[in-house]
Amino acid sequence: MCGIVGYTGKREASGILVEGLAKLEYRGYDSAGIAVIDNNKINVSKVKGRLANLEAQLSESPIQGVVGIGHTRWATHGAPSVTNSHPHTNENGTIAVVHNGIIENYLELREWLKEKGYNFVSETDTEVVPHLVDYFYNGNLLEAAMKAVEKLEGSYALGIVNVNEPDKIVAVRKDSPLIVGLKDGENFIASDIPAVLNETRQVYLLEDNQFVVLTASSVDIYSADGQKIEKEVYHVTWNADAAEKGGYDHFMLKEIHEQPKVIKDTMTSRIMLGEEIKLDKITLTKEQIDNIDKVYIVACGTAYHAGIVGKYVIEKLARIPVEVDIASEFRYRDPIINEKTLMIVVSQSGETADTLAALRLGKSKNARVIAVTNVVGSTVSREADDILYTWAGPEIAVASTKAYTTQLIAMYIIALFLAKNKETVSDSQIEEIKEAMIGLPSLVEDALNHKDNIKKFAKEFAKETDMFFLGRGLDYAVAMEGSLKLKEISYIHSEAYAAGELKHGPIALIEDGTVVIALATQEDLFDKMVSNIKEVKTRGAHVAALALEGNQTIEKTVDAVLYLPKVMPLLAPVVSVVPLQLLSYYMSIEKGCDVDKPRNLAKSVTVE
Ligand code: F6R
C-alpha cells in the first residue's frame, strides 16, 4: 500500500526522499511524487509508474530544498495518474500533503469544502486534507492539522508541509503506520522502518492519534488534545529485509494477518448502519436491476472460489439465478448472454487473460459487466461498466489470501445492493447482515489465534501425500479454497468434495489414516455434516473439523476440532478460510517449500 517519507535537515531533500521511497517499493505502488520547500515555494514533482520515472524527471528538472515529503501511491480512489498521485496541495500551493489510508467521509468533506469555495483537481480522497488544513490555518500548522484531522473519518498517516513554516513537517497517524527517524541535525518520517534504516536506527513508533512536529533539530510529539508526550526511543536491531515483511517470515503470513484491516477497508464508506449502501463506481439503476434475469460470475482460481460464495449469497438474498464459471471454460461453451445478463468478473490483478476474454465476450453480447478487482486502473476495471474495488492493498505472495477475503466482502456487498433494489430482503434483515459484517474483522482476528494448534497439526501431517476437504453449502465453497491453497504452496495433493457427494464415488479413496478436514460451520447443515463425517470415520479417516463455538457435540465424532467464533452462517466463509490458509502455510513451512513463490506459478496470469 502507499508509502510515506519525509525529511527535514541540512542536506538536499529530494535524493533522500527518493531513496527512502525506494525502500518502501515492496509495499507496491503505481505512482510516486515528492514536494520540497524552497524559497517560500513548494516544488512538486510527480510521475505515474515507477520511481525510476521520478528519478529521471528529477534529473531533468531538479528541485532544491532541505525540507520535503514523498509518497508512493497504490491507487484506491481514482486511477493511477500524475494528477491523482501525491503530494496533493491546496489551491495556491502553500500546503502539501502525503497520505496513506482511506478517508471514509471524503465525499461529504468534498461537498462541504466546495460550498466554501474550494476547487478539486483530483479524484482522490486525500485532496480534502490540504484544503481542510488551508481552511483551518491561522499561523500554526500543528493547530490547523489537528482541526483538520478532527473532521476525518477513516484511516490515515499524513505528512504535511507549509511554506509559512518552512523548517517543519507535521505528521499524524490513525490506523495506518507511521514512524519517526531520529538523527543528529536531521529527522525523518516514514510509513515503515526500512525507509530510514540507511540513515538511522533510532526511531519513535507513533501510536494512533499522535501528532509529531519535526524540524532539523527537534521532534515534539503531541496527543490529539495538544498535550506534549514523552516517548521512548526504539532502537532497531533487525535488518531491512525482515522489516519489509513486517516482522513476519513470509509475505503470505503477513498478508493473512492483514485480513482484519483490509476486510474493514473494503467495507469502509460502503456499509454503514442506517445508511444506504454506497457504491460510487456502480451506476446500475433500480430499473436496470429489475431487468436482470441472470447473473454470471466469471473468474479463475481463488477468485472463482469467491464467486462460488457469491452465487450462494446473491441467489439467497437477491433471488436472481446465478451461474459461476471458470473463465477459461466460459467463453468456449457458447453461454447464453444478452442485455438482461449481469456479469460479475472477479480478478485480484485485473489482468488475467481468461477473465478479460470472458469480460469482452460478455460486453460483445450486451451484458452489463461489474468488475471486482484489487487494482485500480487495471484492464478489467477499464473495460467493465461498473467497478467494485477490493481494498486489499498489493498482494505480494503468489498464493492469494487477503484478496480472497476482500472478494468475499465484495460479493456480500453486491448481493445486498441487488437485494435492496429488488426488495427481496427487508430493511431490517439488511441492517442485521451489515451489522454482522462490521463485526467480521474482530472475528477474523480471533480465528488468527489458532496458530499453535494448526502448527502442531502441520507438524504431524506434513508427510501426507493426499488430503480431503469436505463441506456442505458455503462450507463446500471454502473447502475448495482450502484445498487449492494446500496444493499450490505445500504440493500435497488434495481434493475438495461436497460432503454429500462422497458416497457417490470418492469415498472409495478413504482408507486407514486418510486425513480429512471437515468444515461444519453451517448450522442448518450441521447434523447432515456430522453424518458425512461418520461415513469417513468408519472407513478409518483421521478427521479434523472446523466448527463454531457451541457445537461441542462434534467432538464425539472427530479426532480433533478447532472452534471458530460464532458468526452469521452466511458470513462464515470469511472466518473459516483463515485456519485453512494458516494450515497450508504451516504445511508448506514443514515441507521446506518456497511459500511466497511456489513452483510453476505466477502472480498474474496474462496468457490464456
Ligand atoms: C491462488 C491464486 C490464483 C488466482 C488466479 C486468478 O492462490 O492466486 O488462483 O486467484 O490466478 O487471478 P486474478 O484474481 O488476478 O484474476
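The structure presented is a predicted model; accordingly, all values stated were derived computationally and were not measured. (Residues numbered from 1 in each chain as written. Predicted model: local features only at pLDDT ≥ 70, side-chain atom pairs only at ≥ 80, totals over all residues. Heavy atoms only, no water.)

On to the overall build of the chain. A count of helical and extended segments in the chain gives 20 helices and 25 strands. For the chain, whose C-alpha radius of gyration is 25 Å, the value lies close to the compact-globule estimate of 25 Å for 608 residues. Each of the three principal axes of the chain carries a C-alpha extent, and together these read 80 × 55 × 45 Å. Burial analysis of the chain (608 residues in total) assigns 61% to the buried set. Restricting to contacts in the chain with at least 6 residues of sequence separation, those with at least 24 account for 71%. A total of about 23500 Å² of accessible surface is found on the chain, and carbon and sulfur atoms cover 47% of it. Side-chain charges of the chain comprise 64 positive and 85 negative groups, with the mean position of each set lying 2 Å from the other. (Helix = DSSP H or I, 4+ residues; strand = E, 2+ residues; numbered from the N terminus. Rg over C-alpha atoms; globule rule 2.2 N^0.38 Å. Buried < 20%, exposed > 50% of the residue type's maximum accessible area, 1.4 Å probe, protein only. Contact = heavy atoms within 4.5 Å. Areas by Shrake-Rupley, 256 points an atom, 1.4 Å probe, with all protein chains shown as cover. Lys, Arg positive; Asp, Glu negative; His and termini not counted. Charge placed at Lys NZ, Arg CZ, Asp CG, Glu CD.)

Counted according to the given criterion, the structure contains 35 salt bridges. Close ionic contact of lysine 420 with aspartate 427 constitutes a salt bridge, the shortest N to O distance being 3.0 Å. Assessed through its relative accessible area of 27%, lysine 420 is described here as partly exposed. Via salt bridges that share partners, Arg11, Lys183, Glu186 and Glu199 belong to a single interconnected network. (Salt bridge = Lys/Arg side-chain N within 4 Å of Asp/Glu carboxyl O.)

Once that is clear, we can look at the site of the ligand. Near the ligand you find 13 residues, and of these Ser347, Gln348, Ser349, Thr352 and Glu488 are the closest. The backbone of glutamine 348 places a nitrogen or oxygen atom 2.6 Å from an oxygen atom of the ligand. Measuring from an oxygen atom of the ligand, one finds a backbone N or O atom of valine 398 at 3.4 Å. If the ligand stood free it would expose 410 Å²; the protein chains cover 89% of that surface. Sorting the residues of the shell around the ligand by element identifies helix H10 (301–318) and helix H18 (474–490) as the ones contributing at least two each. Per-element accounting of the shell around the ligand gives the leading share, 3 residues, to H10. (Near = heavy atom within 4 Å. Polar contact = N/O pair within 3.5 Å; in protein donor to acceptor, adjacent residues only side chain to side chain.)

As a further point, take the sheet that holds strand E22 (residues 493–498). Picture the strands of a sheet paired through backbone hydrogen bonds; they go either parallel or antiparallel. Pairing is parallel in the open sheet, where 5 strands are placed in the order E22-E21-E23-E24-E25. At either end of the open sheet lies a strand with only one pairing partner, and these are E22 and strand E25 (560–564). Between one strand axis and the next, the sheet turns through 20° on average, direction left out of account. Looking at chain direction, strand E21 (residues 466–471) and strand E23 (residues 515–520) are connected through 4 bridges and run parallel. Counted as the bridge partner of phenylalanine 468 is valine 516 from E23. (Pairing = 2+ DSSP bridges. Axes fitted to C-alpha atoms, helices over the stretch in contact; angles between N-to-C directions.)

If you trace the 8 strands from one edge of the open sheet to the other, you get E3-E2-E4-E1-E10-E9-E11-E15, paired in antiparallel fashion. The open sheet is flanked by strand E3 (41–48) and strand E15 (234–235), the only strands paired with a single partner. Bridging between strand E2 (residues 31–38) and strand E4 (residues 67–73) involves 7 bridges; their strand directions are antiparallel. Within E4, the position partnered with isoleucine 37 by the bridge is valine 67.

Time to look at H18. Helix length check: H18, at 17 residues, gives a terminal C-alpha distance of 24 Å against a target of 24 Å (1.5 Å per residue), a fit within 8%. Remark: tyrosine 491 follows H18 within two positions and exhibits a positive phi of approximately 60°. (Expected span 1.5 Å × (residues − 1).)

Further remarks concern the side chain of serine 483. Tracing the backbone through its elements, the reader meets serine 483 in helix H18. Looking at serine 483, the relative accessible area reads 1%, which means it is buried. Side-chain polar atoms of serine 483 contact the side chain of serine 494, separated by 2.7 Å. In this structure, serine 483 is in contact with Phe469, Ser494, Glu495 and Ala496, ignoring residues within four places of it in sequence.

Moving on to the domain arrangement of the chain. When the domains of the chain are assigned, the result is domain 1 (3–237), domain 2 (251–438) and domain 3 (451–591). Each of domain 1 and domain 2 has a C-alpha centre, and these two points are 33 Å apart. With 15 residues of domain 1 in contact, the opposing surface of domain 2 contributes 16 residues. Approximately 1300 Å² of surface area, both sides summed, lies buried where domain 1 meets domain 2, with 63% of it carried by carbon and sulfur atoms. On the surface where domain 1 and domain 2 come into contact, there are 0 salt bridges. One can count 1 residue pair in polar contact (both at pLDDT 80 or more) joining domain 1 with domain 2. Across the side of domain 1 that touches domain 2, the residue classes tally to 7 nonpolar, 5 polar and 3 charged. (Domains from an automatic or database assignment. Buried area = accessible area lost by both parts, 1.4 Å probe. Nonpolar A, V, L, I, M, F, W, Y, C, P; charged D, E, K, R; others polar.)

Before going further, it helps to spend a moment on the packing of aromatic side chains. In this structure the tally under the stated criterion is 7 aromatic pairs. Ring centres of tryptophan 112 and tyrosine 135 lie 5.1 Å apart, and the angle between their planes is 75°; this geometry places the pair in the edge-to-face category. Of the two residues, tryptophan 112 sits in helix H3 (residues 106–115) while tyrosine 135 sits in helix H4 (residues 128–136), which places them 23 residues apart along the sequence. For tyrosine 135, a relative accessible area of 36% corresponds to the partly exposed category. Here the aromatic rings of tyrosine 135 and phenylalanine 136 are separated by 5.0 Å at their centres, their planes lie at 80°, and the arrangement is edge-to-face. Members of the aromatic cluster, connected to one another through ring pairs, are Trp112, Tyr135 and Phe136. Positioned above the aromatic ring of tryptophan 112, the side-chain terminus of lysine 151 is 4.3 Å from the ring centre. The lysine or arginine in question, arginine 599, covers the ring of tyrosine 491, its NZ or CZ lying 3.7 Å from the ring centre. (Phe/Tyr/Trp six-rings, centres within 6.5 Å; stacked < 30°, edge-to-face > 60°. Lys NZ or Arg CZ within 6 Å of the ring centre and 35° of its normal.)

Ranked by size, the top nonpolar core spans 124 residues in total, and within it Ile344, Tyr412, Met437, Ile517 and Met587 carry the most contacts. Among the elements that take part in this core, helix H14 (residues 402–422) stands out by supplying 13 residues, more than any other. Residues within four places of isoleucine 517 in sequence aside, it is in contact with Phe457, Met467, Phe468, Phe469, Leu470, Ala544, Leu580 and Leu583. Membership of the second largest hydrophobic core comes to 28 residues, among which are Tyr106, Val129, Leu141 and Phe211. (Core = buried A, V, L, I, M, F, W, Y, C linked by side-chain atoms within 4.5 Å.)

Relative to the assigned elements, glutamine 348 resides in the loop between strand E18 (341–347) and helix H12 (353–364). With near-sequence residues (within four places) excluded, glutamine 348 lies in contact with Thr373, Asn374, Val375, Glu395, Ala403, Gln407 and Lys603.

Time to look at the pairing of strand E6 (residues 95–103). Of all 9 residues making up E6, 9 are buried, and the element is well covered by its neighbours. Two strands pair when backbone bridges link them, and E6 and strand E7 (residues 154–162) are joined in this way by 9 bridges, in the antiparallel orientation. Across the sheet, the residue bridging to valine 98 is glycine 159, located in E7.

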